[in-house]
Amino acid sequence: MIKLSVNEDLKQKHIVEVVPKIQKYIEKERTTSNEKCLDYIENNLEYIIGADADEVDKIVRKFISDFPDSLDETKTLYKTLKNKIFGYAYKNWRRWKYSPYVFVEDIGLKTCPYCNRNYIFSVNKRSKKLRPEIDHFYPKSKYPFLAMSYGNLIPSCSVCNHTKSSTYYEDLVNPYSVKENDYYLTLKPNSIDFALVETKKYNFRSFDIEVKGKAIKNIDIFKLKELYSQHKDEVLELLVKKAYYPESYIKELEFFGFNQDEIYRYLFSNYSQENDLHKRPLSKLTRDISKELGLL
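The structure displayed is predicted, hence computed values, not measured ones. (Residues numbered from 1 in each chain as written. Predicted model: local features only at pLDDT ≥ 70, side-chain atom pairs only at ≥ 80, totals over all residues. Heavy atoms only, no water.)

A. Layout of the packing of helix α2 (residues 35-43) against helix α5 (residues 76-92). Axis separation between α2 and α5 bottoms out at 11 Å; the angle between their running directions is 40°. Classified by the interaxial angle, the pair formed by α2 and α5 is oblique. Our pair here, α2 against α5, has a crossing hand that is right-handed. In this structure, α2 contributes Cys37, Leu38 and Ile41 to the contact, and α5 contributes Leu77, Leu81, Ile85 and Phe86. (Axes fitted to C-alpha atoms, helices over the stretch in contact; angles between N-to-C directions. Helix = DSSP H or I, 4+ residues; strand = E, 2+ residues; numbered from the N terminus. Parallel < 35°, antiparallel > 145°, perpendicular 65-115°, else oblique. Left-handed = near helix turned anticlockwise from the far one by under 90°. Contact = heavy atoms within 4.5 Å.)

Written out as structure tokens, the structure is:
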């Protein structure tokens, strides 16, 4: 799991493109029975569409408190929001000039923020279109009023999106809300040979990869411990580099004018800065283990 930062330019674009369409749908569906809720939505529409992760949480609490029918699948208000307004907008979004393809392209995310294991590139050409899936952090099937909210739309790989599915889990951390210690990867030695890196006695059985942190629900739901246990070969490469890249070699690279980030990318073929972790798969694993081994 890696942290997402709000793209303010895209957020404003999202508001400008989405709000007018939602307003038209609202006007068509306004009745005396849903007027109070639709009035609130219309008066706060920019806020709802442009909501970040924290604001999305507040909107959910507001609707639970003031408009409980909006979450009840048997009620007319829920059906209106889902089938005629927000859910309808999401269903037809692919037909707009500002489409999901534009959204995921502009957001610039390269790997899945839930697992950081898979690339999520997009292709947006006339005859060839391909994009990652978009997860609704609060499922649109249960919270239809959030179907088009910026902070609720998480580009993700198909594995994570299908794993999470349409269930909302209490204590699940939104990628926009990730903090440094919510999730980190570490090594668990299984043999004394593991500590003797230079002897080259380490192997796949000499260690395990553990996923720890406060985001227990994310680790559990996305099966991160089980998935990362299959990446021991990448960690084994780091152990080899620990043995064969002495500090003097790194100092030599510095002498030739390379900065720390450039040296890191050269040695580990990945990124170390928080804002860059999304650019390549397993960047979080590489950074956390490299730091633990003293390679950083």
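So that's the structure; there's more coming.
B. A look at the nonpolar core. Formed by 84 residues in total, the largest nonpolar core has its most connected members in Ile22, Ile41, Phe86, Trp93, Phe103, Phe145 and Tyr228. Considering each element in turn, this core owes the most residues, seven residues, to helix α1 (residues 8-29). Apart from the residues within four sequence positions on either side, Phe103 is in contact with Leu10, His14, Trp93, Tyr98, Ile134, Tyr150, Leu153 and Pro155. (Core = buried A, V, L, I, M, F, W, Y, C linked by side-chain atoms within 4.5 Å. Buried < 20%, exposed > 50% of the residue type's maximum accessible area, 1.4 Å probe, protein only.)

C. Fine view of the environment of Pro281. Inspection of the secondary structure assignment puts Pro281 in the loop between α12 (260-268) and α13 (283-292). Taking the C-alpha atoms as reference, Pro281 lies 14 Å from Leu224; in sequence the two are 57 residues apart. For Pro281, the residues in contact, after removing those within four places along its chain, are Thr111, Asn116, Arg117, Asn118, Tyr119 and Asn270.

D. Here's a closer look at the pattern of salt bridges. Scanning the entire structure with this criterion turns up 12 salt bridges. Linking Arg30 and Asp39 is a salt bridge whose minimum nitrogen-to-oxygen distance equals 2.4 Å. With relative accessibility at 24%, the residue Arg30 sits in the partly exposed group. Residues Asp288 and Arg287 are paired through a salt bridge, measuring 3.9 Å at the closest nitrogen-oxygen approach. (Salt bridge = Lys/Arg side-chain N within 4 Å of Asp/Glu carboxyl O.)

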